Amino acid sequence: MGREKTFVDNLKVFFAEVGDISYFTARFFRELFKPPFEFKELLHQCFNMGNRSLLLVGVTGFILGLVFTLQSRPTLMEFGAESWMPSMVSIAIVREIGPVIIALICAGRIGSGIGAELGSMRVTEQIDAMEVSGTNPFKFLVVTRIVATTLMLPLLIIIGDAIALLGSALVENLKGEVSYLLYFNEVFNAITYGDIIPATIKSFFFRICNRLDRLL
Amino acid sequence: MEFENNIAPVLELNNLYKSFGENHVLNGFNLKLYKGENLVVMGKSGSGKSVMIKCLVGLMQADRGSIKIKDHDITKLGQKELDILRTEIGFLFQGSALYDSMTVRENLEFPLRRHKKQLGLNDHTETLVLEALNNVGLAHAIDLMPAELSGGMQRRVALARALILKPKIILYDEPTTGLDPITAKEIIQLMRSIQDTYNTSSLIITHDVDCARVISNRMILLVDGINYAEGTYEELIVSNDPKVQAFFKN
Ligand SMILES: Nc1ncnc2c1ncn2[C@@H]1O[C@H](COP(=O)(O)OP(=O)(O)O)[C@@H](O)[C@H]1O
Ligand SMILES: [Mg+2]
């Protein structure tokens, strides 16, 4: 029977984790810039992850835009401000909500998928087999996956944002008799490239923060 | 003994120690593998056979002791030299360890990716893959996924993959475990024919007495982390030591 974990024990575990993550990050960057590069496997992983997450991101984005619009309509109507709907929804989704939600679901889905896959490769000795065949498993398996998610997440976010706006336009079209053309005119008046680019770059940092979920 | 006529061993473990915490797995294990021989290491499950063979190729770090392969001390080699040395060693893993996201063809091409040029294997990759598969009689399975193969076929593909760089030393980690007796016999036959064709030296880890009888020139019994007894099959089976007899009694 172990004794109760004290605060000091937890603190030790916390710092051990921080150490692990720092070591992992340093190793990642060291291996990232050291040849030989695994381009083929990187492309394969990009396709894999983008493709596998597309449906989930699409559905989430669509529901996000739809519900967001549906719920904020009554409030805006009270102030007679329905005409602000497209710009409000688009700015909120493109700048903040889209990147946060999509990064979170991708972290959950892709992250757990990678964990399960590499775990099973470890116990079935596939990683050992790779190492004796002269391939660095960290480079081949880990570096390619991290780079692939980092590259794919901004793309998924742009697609998710677009589908969210489509969902929002659908509500406006059905409830408020706003044509799609008018809706998207309003949207593109409200947002600029300046809104998209920082938001997707932000997603890159969400990616890195995703690793911090292990701290919780 | 016939293989010890003053020639240096191709592979040598000296006084190897390895523990995991309080679990002392190897306590000074010694082994010499001579050119052209089939050396069988027997030990019961969990006695540290896989740990020993993994230390041997540098997949695990031993706590103490020296590991020599062709006069190179592998504990002192850098990553590059170790990779080059590993091309001379074929490794058949206990559970086949085929990459399950790749086809049979991609599995066999994997060791060639890095080493084909280095080894001066000038043949087309396709030719080498087909040759290796023909050796194990599975050329028709080239585009299947590992999950579509039976356990015996997976073991044979794994054997083909271990042989594709034409290594001079082959390490087998329980080649017949998990197979039915007939398939196990086929694998043993295959191992013998490979040895005849390529004149390799083999280290075979097993707890299968039949396998040991058929294939071994010499045997080592691994008990309590040391090489408890050594000799030919015929010598060991008549031993009076109860720990040795325990291996052969059914
Ligand atoms: N990576 C590891 N970490 C901790 N203990 C291990 C590890 N690998 C093997 N062991 C322990 O070493 C012992 C020998 O294992 P192993 O060599 O796999 O046995 P076997 O002779 O059946 O191949 C076992 O008690 C196992 O628990
Ligand atoms: Mg084992």
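Residues numbered from 1 in each chain as written. Chains lettered and ligands numbered in written order. Predicted model: local features only at pLDDT ≥ 70, side-chain atom pairs only at ≥ 80, totals over all residues. Heavy atoms only, no water.

J.: Would you take a moment to explain the coordination of the magnesium ion (ligand 2) for this structure?
T.: Residue and element names in this part refer to chain B. Protein coordination of the magnesium ion (ligand 2) is provided by Ser50 (OG) and Gln94 (OE1), with donor distances spanning 2.0 to 2.5 Å. Note that serine 50 is positioned in helix H1 (residues 49-56) and glutamine 94 in the loop between strand S6 (89-92) and helix H3 (104-115), a separation of 44 residues in sequence. Among the residues examined, glutamine 94 registers a relative accessible area of 28% and is labelled partly exposed. (Donors = N, O, S within 2.8 Å, 3.2 Å for Na, K, Ca; no water. Helix = DSSP H or I, 4+ residues; strand = E, 2+ residues; numbered from the N terminus. Buried < 20%, exposed > 50% of the residue type's maximum accessible area, 1.4 Å probe, protein only.)

J.: Explain the confidence of the model for chain A to me, please; I cannot follow it from the model alone.
T.: Residues shown with low pLDDT carry predicted positions that ought not to be read at fine detail. All names here are of chain A. Across chain A, the average pLDDT comes to 85, with 91% of residues at 70 or higher. Per-element mean pLDDT across chain A ranges from 67 in helix H7 (residues 193-210) up to 93 in helix H4 (residues 126-132). Ignoring residues within four places in sequence, the model shows residues 212-216, a span with pLDDT below 50, making seven contacts including any to other chains. (pLDDT = per-residue confidence, 0-100. Contact = heavy atoms within 4.5 Å.)

J.: Can you help me understand the packing of helix H1 (residues 7-32) of chain A against helix H5 (residues 137-176) of chain A in this one?
T.: Each pair of packed helices can be summarised by the angle the axes make with each other and by the distance between the axes. Residues and elements named next belong to chain A. One can describe the packing of H1 onto H5 by two numbers: an axis separation of 10 Å at closest approach and a directional angle of 100°. In terms of axis orientation, H1 runs roughly perpendicular to H5. Touching Phe24, Arg27, Phe28, Glu31 and Leu32 of H1 are Phe138, Lys139, Val142, Val143, Ile146 and Val147, all from H5. Across the contact of H1 with H5, the residue classes tally to eight nonpolar, no polar and three charged. (Axes fitted to C-alpha atoms, helices over the stretch in contact; angles between N-to-C directions. Parallel < 35°, antiparallel > 145°, perpendicular 65-115°, else oblique. Nonpolar A, V, L, I, M, F, W, Y, C, P; charged D, E, K, R; others polar.)

J.: Could you clarify how one ought to interpret the site of ligand 1 in this entry?
T.: All names here are of chain B. Taken together, Phe20, Asn23, Val25, Lys44, Ser45, Gly46, Ser47, Gly48, Lys49, Ser50, Val51 and Met60 are the residues near ligand 1. Contact between ligand 1 and glycine 48: an oxygen atom at 3.1 Å from a main-chain N or O atom of the residue. A distance of 2.9 Å separates an oxygen atom of ligand 1 from a polar atom in the backbone of valine 51. Only strand S2 (23-33) and H1 provide two or more residues apiece to the shell around ligand 1. For the shell around ligand 1, the element with the most residues is H1, which contributes three residues. Residues that form the shell around ligand 1 fall into these classes: four nonpolar, six polar and two charged. (Near = heavy atom within 4 Å. Polar contact = N/O pair within 3.5 Å; in protein donor to acceptor, adjacent residues only side chain to side chain.)

J.: Would you mind showing me how to read the packing of aromatic side chains here?
T.: The relation between two aromatic rings is expressed through the spacing of the ring centres and the mutual angle of the planes. Taken as a whole, this structure holds 10 aromatic pairs over all chains when the rule is applied. On the basis of an interplanar angle of 45° and a centroid distance of 6.0 Å, the ring pair of Phe37(A) and Phe39(A) is categorised as tilted. Residue Phe37(A) is classed as partly exposed on the basis of its relative accessible area of 44%. Relative to Phe110(B), the ring of Phe140(A) has its centre 5.2 Å away and its plane inclined at 85°; by these criteria the two rings are edge-to-face. A residue pair is termed interchain when its members come from two chains, as with Phe140(A) in helix H5 and Phe110(B) in helix H3. The two residues Phe140(A) and Phe110(B) agree in class, both being buried. Across from the ring centre of Tyr17(B), 4.1 Å away, lies the NZ or CZ of Arg64(B), which sits over that ring. Here the guanidinium or amino end of Arg161(B) rests over the ring plane of Tyr99(B), the centre of that ring lying 4.6 Å away. (Phe/Tyr/Trp six-rings, centres within 6.5 Å; stacked < 30°, edge-to-face > 60°. Lys NZ or Arg CZ within 6 Å of the ring centre and 35° of its normal.)

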